[in-house]
Amino acid sequence: MSGRLVVWCVDDLAWDRKHGEPVTMRSTHSRRTFLQRAGLLLPVSPVVSSLMGAPATAGSIGSLPPKELAAEVVVIGGGLGGCAAALAAARHGRRVILTEETDWIGGQLTSQAVPPDENRWIETIGATRRYREFRQRVRDYYGRNFPLTEAARANQLLNPGNGGVSRLCHEPRVALAVLVEMLAPHVASQRVQILLRHEAIAAATKGDRVEAVQVRSRESGQTLALRAPLFVDATELGDLLPLTRTEYVTGAEAQRETGEPRAPAVAQPLNQQSFTCCFAMDYLAEGDFTIDRPREYDFWRNHVPPLTPAWPGRLLSLYYSQPKTLQPHNMGFDPAKGTGLFRYRRIIDRTNFVAGAYAGDITLVNWPQNDYMLGNLVDVPAEEFTRHVERARQLSLSWLYWLQTECPRPDGGVGWKGLRLRPDIVGTEDGLAKYPYVRESRRIKAELTITEWHVGTEARMMRTGLSASEVTAEEFADSVGIGHYNIDLHPSSGGDNYIDFAALPFQIPLRALIPQRIDNLLPACKNIGTTHLTNGCYRLHPVEWNIGEAVGELAAFCAARRESPRAVSQTPRLLADFQRQLIAQGVPLAWPKS
């Protein structure tokens, strides 16, 4: 990559942002001098900003020192976990700075354009009070602002898209509006300051503490030094972990490390789940909205994923590996009738709205056929990151083009020319989501790592001797929340086909949120202490929200008690007080026995 290395010097150590490698430097400056000079070294070329729709920034801002901002909690990453953390800390009166790389907060639900994947009890249990409030606000938003039919307006469990994946399939912009609304009173009172289009580029550490994080605006290139007693990494890829030298793992751990029955014999740090560039489309039968032939269409049209067990054929096909059985499966696809894959993640079912409100149903495409398996986004050079995201975008466009021109139709014809890309739904010019949907990130080396033995149904049956109807997940005395989903891993960059098996309703142990060494950094996304396998059930929307909310509550508790997160985890009296606070705020710590 052209340009100068971004480094921030502390305790004779500088840190390379992109490669996570220490660079020895001499420093005799005070902390104040250090923070002033931290902005002197800026890269000459843009890194990934142009990929996410942000304008490229080139050159240096010169010798101007970075401006400092201070708060009681700094949350880097404005996804669901980051928003939940900011809301939780702010409702206790704590001052929060929340940053987000894109111009939309909300992560999975908004900038990544993925309708919520949730447990089957979500309407009554299995989530925090605030997550259920968010869901109700989504329904209320449609009720206040959209021309619903009388039947839809009377439906207390309205599902705007009637999609198969969720009981609440809705548009990304609605999720964004609701999150902005929930944060609005805290922003107005200046308890929460949101820095959109800002990315973390460096960090200052002293001993086992983070002193400051430097962020850069993707619009102006200006830098800010953010300081707080406690930092939260809510980034999609765990970006603060290498910046702060927090110990972490990637990919698949060896069986000798975790003891998991399904773990590989040898560690595979580069074997990571595929990611996806999602997009929205509707269907107008009389139109022809065929896009230009994508640049890499010939490659993707003939590509057969090199997986074990084998994929059933070409990736661009209605046939794919059924996740549980791995047998060839065709869900079908008929946008005219709204069936098969089209219904799977449908976010607008026009029968919920008065005639003429929508020209056609709208679906979000996050399907097996546009999972990108040929490389990773974690711990790779900037050029490689850029290349993989661009190729993933080409894959998604190629999938759309194939559906428009070659997909078999029930009437014997080929192609659905009436499929129309909807850039307005995802807020971009090209119609692809602002950020890739990331399933797996860096994960902290935590005080406790959640393994298959803790939550996997078969593993728990083996360990306890109980039947499937009797067995429960491991009970954690330090629970800070609950969740449920299958252990669901998409095909990986290391050549694994789907890994999908049953998990039990589980708890979120506080120790899985505490790094082994760093004292004032907490994870709030997919970067908690799980394994490659158990990440597959802890990565979904309501669980990420619960993790973030618990972290925000912990930050507020620590500020009030003048204690560290580790002290709360290790001190029974503090832990009990903290858990009482969580319960009072509507965070369930255990599943009902029934």
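Scoring rules and cut-offs
- Residues numbered from 1 in each chain as written.
- Predicted model: local features only at pLDDT ≥ 70, side-chain atom pairs only at ≥ 80, totals over all residues.
- Heavy atoms only, no water.
- 1 Å grid on protein atoms, 1.4 Å probe; cavity = no way out; pocket = protein on both sides within 12 Å on 5 of 7 lines; lining within 4 Å.
- Points joined across faces, edges and corners; volume = space filled by probe spheres on them.
- Helix = DSSP H or I, 4+ residues; strand = E, 2+ residues; numbered from the N terminus.
- Phe/Tyr/Trp six-rings, centres within 6.5 Å; stacked < 30°, edge-to-face > 60°.
- Lys NZ or Arg CZ within 6 Å of the ring centre and 35° of its normal.
- Axes fitted to C-alpha atoms, helices over the stretch in contact; angles between N-to-C directions.
- Left-handed = near helix turned anticlockwise from the far one by under 90°.
- Contact = heavy atoms within 4.5 Å.
- Nonpolar A, V, L, I, M, F, W, Y, C, P; charged D, E, K, R; others polar.
- Pairing = 2+ DSSP bridges.
- Disulfide = S-S within 2.5 Å.
- Core = buried A, V, L, I, M, F, W, Y, C linked by side-chain atoms within 4.5 Å.
- Buried < 20%, exposed > 50% of the residue type's maximum accessible area, 1.4 Å probe, protein only.
- Salt bridge = Lys/Arg side-chain N within 4 Å of Asp/Glu carboxyl O.
- Expected span 1.5 Å × (residues − 1).

Caption draft 1: View of empty space enclosed by the protein. For the structure on display, the rule yields six cavities of 30 Å³ or more. Reported here for the second largest cavity is a volume of approximately 180 Å³. What lines the second largest cavity is a set of 20 residues, and nearest its centre among them are Gly77, Glu100, Glu101, Thr235 and Glu236. Within the residue set of the lining of the second largest cavity, elements represented by two or more residues are strand E5 (96–100) and strand E7 (198–206). Here the lining of the second largest cavity takes three residues from E7, the largest share from any one element.

Caption draft 2: Spatial organisation of the packing of aromatic side chains. A full pass over the atoms with the stated rule returns 22 aromatic pairs. Linked through ring pairs, Tyr283, Phe333, Phe342, Trp367, Trp399, Trp402 and Trp416 together constitute an aromatic cluster. Cation over ring: arginine 391 sits above phenylalanine 299, and NZ or CZ is 4.5 Å from the ring centre. It is lysine 434 that lies over the ring of tryptophan 104; its NZ or CZ is 4.8 Å from the centre.

Caption draft 3: Spatial organisation of the packing of helix H2 (residues 80–90) against helix H15 (residues 541–561). Here H2 crosses H15 at 35°, and the two axes come no closer than 7 Å. H2 and H15 meet at a crossing whose hand is right-handed. For the pair H2 and H15, the contacting residues are Leu80, Gly81, Ala84, Ala85, Leu87, Ala88 and Ala89 in the first and His541, Glu544, Trp545, Gly548, Glu549, Gly552, Glu553 and Ala556 in the second. Residues of the contact of H2 with H15, tallied by class, amount to eight nonpolar, four polar and three charged.

Caption draft 4: Up close: the sheet that holds strand E18 (residues 346–348). Judged by pairing direction, the sheet is antiparallel, and its four strands sit side by side in the order E18-E19-E13-E21 without closing on themselves. Of all strands in the sheet, those with a lone pairing partner are E18 and strand E21 (419–421), marking the two edges. Taking each pair of neighbouring strands and ignoring which way they run, the sheet shows an average axis angle of 35°. Alignment of strand E13 (residues 279–283) against strand E19 (residues 362–365), held across four bridges, turns out to be antiparallel. Bridging from a neighbouring strand, methionine 281 pairs with threonine 363 of E19. Packed on one face of the sheet, helix H10 (residues 382–405) meets E13, E19 and E21 and runs near 15° to E13.

Caption draft 5: Broad picture of the state of the cysteines. Evaluation of the coordinates by the stated rule reveals zero disulfides. Left unpaired, cysteine 278 is separated from the closest cysteine sulfur, that of cysteine 277, by 7.6 Å.

Caption draft 6: Focus on the nonpolar core. Of all hydrophobic cores here, the largest spans 94 residues; its most connected members are Phe134, Tyr538 and Trp545. In this structure tryptophan 545 touches Leu80, Ala84, Leu87, Thr128, Arg130, Tyr131, Phe134, Leu179 and Met182, once residues within four positions along its chain are discounted.

Caption draft 7: Summary view of the sheet that holds E7. With mixed pairing, the four strands of this open sheet are ordered in space as E3-E9-E8-E7. In this open sheet, the two strands that pair with only one neighbour each are strand E3 (67–70) and E7. Neighbour-to-neighbour, the strand axes of the sheet open up by a mean angle of 25°, direction not taken into account. Both strand E8 (residues 209–217) and strand E9 (residues 223–227) contribute to a ladder of five bridges, which runs antiparallel. Its bridge partner lying in E9, glutamine 214 is registered against alanine 225.

Caption draft 8: A look at the pairing of strand E10 (residues 230–233). By the alternation rule, side chains of E10 split into Leu230 and Val232 and Phe231 and Asp233, which are all buried. Note that strand E4 (residues 73–76) and E10 share four bridges and pair parallel. Across the sheet, residue valine 74 finds its bridge partner in E10, namely phenylalanine 231. Of the strand pairs in this sheet, E10 and strand E27 (residues 521–523) are connected by three bridges, and their pairing is parallel. Pairing of phenylalanine 231 across the sheet is with leucine 521, part of E27.

Caption draft 9: Region of the structure containing the pattern of salt bridges. Taken as a whole and judged by the stated rule, the model has 50 salt bridges. Arginine 566 serves as the salt-bridge partner of glutamate 447, at 2.9 Å between the closest nitrogen and oxygen. Here glutamate 447 is found in the loop between strand E22 (443–444) and helix H12 (452–455), whereas its partner arginine 566 is found in helix H16 (residues 565–570), with 119 residues between them in sequence. Salt-bridge contacts for aspartate 488 lead to arginine 539; the nearest nitrogen and oxygen are separated by 3.4 Å. Separated by 51 residues along the polypeptide, aspartate 488 in strand E24 (residues 487–489) and arginine 539 in the loop between helix H14 (535–538) and H15 bring together distant segments of the chain. Given a relative accessible area of 9%, aspartate 488 falls into the buried group. Among the charged side chains, a network of salt bridges with common partners joins Glu101, Glu199, Arg216 and Arg218.

Caption draft 10: Quick look at H15. With 21 residues, H15 ought to run about 30 Å at 1.5 Å a step, and its terminal C-alpha atoms sit 30 Å apart, in line with that. With 18 of its 21 residues buried, H15 lies for the most part within the structure. At the C-terminal side of H15, arginine 562 shows a positive phi close to 55°.

Caption draft 11: Region of interest: the environment of alanine 265. Topologically, alanine 265 is positioned in the loop between helix H7 (255–258) and strand E12 (275–276). In sequence terms alanine 265 and glutamate 253 are twelve residues apart; their C-alpha atoms lie 8.6 Å from each other.

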